[in-house]
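# Residue-level structural notes
Each chain, letter by letter, is given below.
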Amino acid sequence: KAGVTQTPRYLIKTRGQQVTLSCSPISGHRSVSWYQQTPGQGLQFLFEYFSETQRNKGNFPGRFSGRQFSNSRSEMNVSTLELGDSALYLCASSESGQGKAGELFFGEGSRLTVL
Amino acid sequence: AQKVTQAQTEISVVEKEDVTLDCVYETRDTTYYLFWYKQPPSGELVFLIRRNSFDEQNEISGRYSWNFQKSTSSFNFTITASQVVDSAVYFCALSDPGGATNKLIFGTGTLLAVQP
């Protein structure tokens with residue numbers, strides 16, 4: 001079974017630009033979560049999508065948004081990039097069902113550098 | 001407020017030594033889940049274990065074991081006979097209020113370096 005695939009793996013943007021990151025979950029997984037990882041703040045939850053609906057949201061400004069498509073693939077977008085948005089963005093998929101909550105399968109991440 | 005504390009920032013051991021990674025959590029929930037994840041140098045976080053708040057039984061999986069103690073709000077992780085391949089950052093995490101969620105609160109991680 002293929003794992004979680006994130007694209008692009010690396011990207012460099014300048015302040016004020018916007019970026020879109022993509023995530024393909026493991027086949028059969030309907031939940032996709034996004035996390036931001038930085039040296040200063042660690043791993044922080046951004047949002048979770050399930051069946052094309054946002055099910056949960058972290059404490060990030062409205063510049064951070066996401067969506068999920070009918071095939072469970074997900075994208076996240078960051079608009080008006082700031083230097084502090086430089087981070088590793090991790091996507092995780094999981095099986096649905098309470099018995100599997102929190103058992104996340106992570107991708108390798110998209111490393112965003114904002115100059 | 002929910003919080004996970006991993007006081008050990010870095011640990012260095014020599015191969016075959018046993019090592020324990022500490023995790024202390026704070027929550028007001030009665031139903032919650034605790035997790036351990038491993039992040040090797042490749043960067044991909046790997047799920048290791050999930051434990052619910054009603055199950056205080058210790059768990060052993062090969063060289064890995066976990067000790068959950070509600071009385072001290074701790075969920076410690078021990079690697080027996082460590083190997084170089086165990087070198088990674090290990091994260092402890094707590095589920096958001098309600099329990100059945102993929103929104104996890106992670107600790108700051110412990111970098112484990114196993115020297116040959």
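Definitions and limits used
- Residues numbered from 1 in each chain as written.
- Chains lettered and ligands numbered in written order.
- Predicted model: local features only at pLDDT ≥ 70, side-chain atom pairs only at ≥ 80, totals over all residues.
- Heavy atoms only, no water.
- Helix = DSSP H or I, 4+ residues; strand = E, 2+ residues; numbered from the N terminus.
- Buried < 20%, exposed > 50% of the residue type's maximum accessible area, 1.4 Å probe, protein only.
- Disulfide = S-S within 2.5 Å.
- Core = buried A, V, L, I, M, F, W, Y, C linked by side-chain atoms within 4.5 Å.
- Contact = heavy atoms within 4.5 Å.
- Buried area = accessible area lost by both parts, 1.4 Å probe.
- Salt bridge = Lys/Arg side-chain N within 4 Å of Asp/Glu carboxyl O.
- Polar contact = N/O pair within 3.5 Å; in protein donor to acceptor, adjacent residues only side chain to side chain.

A few words now on unusual backbone geometry. In this structure, Pro8(A) follows Thr7(A) across a cis peptide bond, with omega equal to -10°. With respect to the helices and strands, the residue Pro8(A) is situated in the loop between β1 (5-7) and β2 (10-13). Phi at Ser73(B) is positive, roughly 50°, even though this residue is not glycine. Turning to its location among the elements, Ser73(B) is positioned in the loop between β8 (64-69) and β9 (74-79). Using a relative accessible area of 24% as the deciding quantity, one classes Ser73(B) as partly exposed.

The full count for this structure, using the stated rule, is two disulfides over all chains. Bridging Cys23(A) to Cys91(A), the disulfide has an S-S length of 1.8 Å. Every disulfide takes its handedness from the sign of the S-S torsion; for Cys23(A) and Cys91(A) that torsion is -65°, giving left-handed. Here the residue Cys23(A) occupies a position in strand β3 (residues 19-24), and Cys91(A) occupies one in strand β9 (residues 87-94), the gap between them amounting to 68 residues. Comparing Cys23(A) with Cys91(A), the two get one shared label, buried. Shown here is the disulfide that connects Cys23(B) with Cys92(B), its sulfur atoms set 2.0 Å apart. One disulfide, between Cys23(B) and Cys92(B), carries an S-S torsion of -65° and so falls in the left-handed class. Here Cys92(B) lies in strand β10 (residues 88-95) and Cys23(B) lies in the loop between β3 (19-21) and β4 (24-26), a separation of 69 residues in the sequence. Summarising the burial analysis for this pair, Cys23(B) and Cys92(B) share the class buried.

Here the focus is the nonpolar core. Residues and elements named next belong to chain B. The biggest cluster of nonpolar side chains holds 24 residues, and the ones touching the most others in it are Trp 36, Phe 75, Phe 77, Tyr 90 and Leu 112. Mapped onto this core, the elements with two or more residues apiece are β2 (10-14), β3, β5 (33-39), β8, β9, β10 and β12 (110-115). Sorting elements by how many residues they give to this core places β10 first, with four residues.

The next point concerns the interface of chain A and chain B. Between chain A and chain B, the contact holds 24 residues from the first and 17 residues from the second. Together chain A and chain B conceal approximately 1800 Å² of surface at their shared face, both sides included; 50% is due to carbon and sulfur atoms. Put simply, chain A and chain B have zero salt bridges between them. Summed over the shared surface of chain A and chain B, the result is 11 residue pairs in polar contact (both at pLDDT 80 or more). Among the secondary structure elements, those contributing two or more residues to the side of chain A that touches chain B are β4 (31-38), β5 (42-50), β6 (53-57) and β9 of chain A. With four residues, the top contributor of residues to the side of chain A that touches chain B is β4(A).

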